[in-house]
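If you want the building blocks of each chain, they are given just below.
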Amino acid sequence: MRLFFALGLDEKANQAAREQLVRYNHHLYGEGRAVPDQNLHLTLAFLGEVPDTKLPALQAAASNLALPAFNLTTSSVEVWEQPKIACVTFNQPPSALFELANHLQTLPVWPAKADSHVFTPHITLRRGVKDDDALDLPTLPAQTFACQRFGLYASPSSTSDESIPRDNEGRALYQCLHQFSLC
Ligand code: 3AM
């Protein structure tokens, strides 16, 4: 299974902030493909293909972390030429976020795939955006998310797989396999 740890930002306390983000994303127009509403997340660690047999140990290791909850306040929406996304960035992300990501990227049971980029917290809104002039980007009002848990998600290895869950536009959805509480 292709797995990643992420903040789902779907706690009850985040309902209004998440709805605002979804509305914002629906109103973006121009180049690229919108990420389905249900897939909006902040990736903490991308693990790649992980054998099913590793899942119990992976879940146990993540459950044992006992790291603190934190708040995240959005800053702006940017286009990143690599990997061609429009994404939300954050204003002074707390050290607790970096600590969480670092722990999840270095779990001895399955370390994250080596990535040449420094971890830069973001929520991808749109993929396939090659040029920021090709997208109209209104200002996103600042929103604060209360991050009280994170999840282990499965991403389809092949989008042609008929068994994967999809939204009503046929777009593949991530599956949350397990949620973990922050303290
Ligand atoms: O949070 P974002 O959307 O930036 O780009 C993929 C997405 O990140 C990333 O994992 C998240 C969930 O799919 N991803 C996919 N393949 C990757 C890879 N080979 C990857 N990140 C690093 N290396």
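See above for the structure.
Residues numbered from 1 in each chain as written. Predicted model: local features only at pLDDT ≥ 70, side-chain atom pairs only at ≥ 80, totals over all residues. Heavy atoms only, no water.

K.L.:
How would you summarise the overall build of the chain if you had to cite specific residues and measurements?
P.N.:
Along its length, the chain carries 3 helices and 9 strands. Rg of the C-alpha trace for the chain: 16 Å, near the compact-globule value of 16 Å for 183 residues, within the 12% margin. Taken along its principal axes, the extent of the C-alpha atoms in the chain is 45 × 40 × 35 Å. Expressed as a percentage of the 183 residues in the chain, the buried residues total 42%. Long-range contacts, defined as pairs at least 24 residues apart, comprise 81% of the intrachain contacts of the chain with a sequence gap of at least 6. When the accessible area of the chain is evaluated, it comes to approximately 9700 Å², of which 49% is carbon and sulfur surface. (Helix = DSSP H or I, 4+ residues; strand = E, 2+ residues; numbered from the N terminus. Rg over C-alpha atoms; globule rule 2.2 N^0.38 Å. Buried < 20%, exposed > 50% of the residue type's maximum accessible area, 1.4 Å probe, protein only. Contact = heavy atoms within 4.5 Å. Areas by Shrake-Rupley, 256 points an atom, 1.4 Å probe, with all protein chains shown as cover.)

K.L.:
So, the site of the ligand: which residues are in play, and what are the values?
P.N.:
The full set of residues close to the ligand is Arg2, Phe4, His41, Thr43, Phe46, His122, Thr124, Arg127 and Tyr174. One of the side-chain N or O atoms of His41 is found 3.3 Å from an oxygen atom in the ligand. Taken by itself the ligand offers 490 Å² of open surface, and the protein chains cover 72% of this. Where the shell around the ligand is concerned, the elements lending two or more residues are strand S1 (2–7), strand S3 (42–49) and strand S6 (123–127). The class makeup of the residues in the shell around the ligand is 3 nonpolar, 4 polar and 2 charged. (Near = heavy atom within 4 Å. Polar contact = N/O pair within 3.5 Å; in protein donor to acceptor, adjacent residues only side chain to side chain. Nonpolar A, V, L, I, M, F, W, Y, C, P; charged D, E, K, R; others polar.)

K.L.:
Run through the state of the cysteines, naming residues and quoting values.
P.N.:
Enumeration over the complete set of coordinates arrives at 0 disulfides. Cys87 carries a free sulfur, and the closest cysteine sulfur to it, the one in Cys147, is 16 Å from it. Taking relative accessible area as the criterion, Cys87 reaches 0% and is therefore assigned buried. Cys147 provides the cysteine sulfur closest to Cys176, a residue in no disulfide bond, and the two sulfurs are 14 Å apart. You can call Cys176 partly exposed: its relative accessible area is 37%. (Disulfide = S-S within 2.5 Å.)

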